[in-house]
Amino acid sequence: YNVSVDFPQWATLNYKKTGYAATLDYQIPTLNVKTLNGSDWTSVEGGLLNAKNITRGVVPIVGGLVGENYQSNPDDIRKAVVLCMTKAQGVIFQDLSELVRYNLWGKVNQGISEALGTKPVSKDVVIEKITRTINGKLIAGYSAIIDFRQNTNLKFNVLLPNVVTKPSVTMKTLPQEKGTPILAVNAGFFWLNASNSLVIIGGEHKAPNTPSMIRNGKTVYPVRSAIGLMPNGKFEITWVYNVSGNKTYSYPSALDNNEQTNTYMPAPPTAATAGAKEWNPIEAVGG
């Protein structure tokens, strides 16, 4: 971006060489304005478009909104969120306490859902689009923050379909007794319609982690990560291995397995391995 073209009164021809946008994870323009649409910096839309123009697409733009600007017109924050997530790569708020003070969380949630093309979700479920530039390519994904403590009606369910199923199909075909689906994600590994990863549903082992595999000519005993809902209502993320049958053990690390150095433990872990403890979640899925 040649700054001297737009600001010849102070920017020299070489000023553009001082740009560092390409080294950032995000660029966050502060959109401390009330006007939604327009082409200049006095509107949310204009601020986003100008930020994208200046940075020339080398960094994701995340719109910085100020909740106080929307206290008299709450629906405008919904529209502003939609603009940030469709005209740019996301939204951030300068002070989250303002969303609470002015009761704006509901409108923010509606805006996120509208931008993602999903149904409005609970105020205790926040879904955000995430973008990263990897090897020169812009990669998009989604993150979800779910507060099970604040909303006890929210449930964590692990499913094991009979055939390979996309999350969108799961959302449409979830058994009625499971409730209304809010979010579905793929988990674990599968091959030929069978799970190669740990699956525990209702405390019952439906599938174990793969006990061994051949990698680079070596027998590998994979100690994989897993997430589980424990009987006390808390979640645990740990490293697991099925020692025998339906007995799953948790370990403090992947042990002596290291894919980067192509070195692996010579024998499978056991119940006597240092740090091992039997792991009995209610619902769990392994990676």
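For clarity, every value in this text was computed on a predicted model and none was experimentally measured. (Residues numbered from 1 in each chain as written. Predicted model: local features only at pLDDT ≥ 70, side-chain atom pairs only at ≥ 80, totals over all residues. Heavy atoms only, no water.)

J.: Explain the sheet that holds strand S14 (residues 247–251) here, please?
T.: Two modes of strand pairing occur in sheets, parallel and antiparallel, and in both the strands are linked by backbone hydrogen bonds. On the basis of which strands lie adjacent, the open sheet formed by seven strands has the order S9-S8-S16-S12-S13-S14-S15 and antiparallel pairing. Edge strands, defined here as strands with exactly one partner in the open sheet, are strand S9 (204–207) and strand S15 (277–278). (Pairing = 2+ DSSP bridges. Helix = DSSP H or I, 4+ residues; strand = E, 2+ residues; numbered from the N terminus.)

J.: When you look at the packing of helix H2 (residues 44–55) against helix H3 (residues 75–87) in this model, what are you seeing that I'm missing?
T.: Packed helix pairs are specified by the crossing angle of their axes together with the interaxial distance, meaning the distance between the axes. In contact at an axis separation of 10 Å, H2 and H3 are set at 20° when each is read in the N-to-C sense. One finds that H2 runs roughly parallel with respect to H3. For the pair H2 and H3, the crossing hand works out as right-handed. Counted together, Val-44, Glu-45, Leu-48 and Lys-52 of H2 and Ala-80, Leu-83, Cys-84 and Lys-87 of H3 form the full contact between these two elements. Residue composition of the contact of H2 with H3, by class: five nonpolar, no polar and three charged. (Axes fitted to C-alpha atoms, helices over the stretch in contact; angles between N-to-C directions. Parallel < 35°, antiparallel > 145°, perpendicular 65-115°, else oblique. Left-handed = near helix turned anticlockwise from the far one by under 90°. Contact = heavy atoms within 4.5 Å. Nonpolar A, V, L, I, M, F, W, Y, C, P; charged D, E, K, R; others polar.)

J.: Explain the pattern of salt bridges here, please?
T.: Side-chain pairing between opposite charges can occur once the charged atoms of the two side chains come close. Tallied over the entire structure, the rule returns eight salt bridges. With its nearest N and O atoms 2.8 Å apart, the salt bridge here joins Asp-75 to Arg-78. Of this pair, Asp-75 and Arg-78 both sit in helix H3, separated by three residues, roughly a single helical turn. According to the relative accessible area criterion, Arg-78 is buried, its value standing at 15%. A salt bridge links Asp-75 to Lys-107; the shortest N-O distance between them is 3.2 Å. Taken together, the positions of Asp-75 in helix H3 and Lys-107 in helix H5 (residues 105–116) put the pair 32 residues apart, joining distant regions of the chain. Exposure remark for Asp-75: the relative accessible area of 26% places this residue in the partly exposed category. Through salt bridges that share partners, Asp-75, Arg-78, Lys-107 and Glu-114 make up one connected network. (Salt bridge = Lys/Arg side-chain N within 4 Å of Asp/Glu carboxyl O. Buried < 20%, exposed > 50% of the residue type's maximum accessible area, 1.4 Å probe, protein only.)

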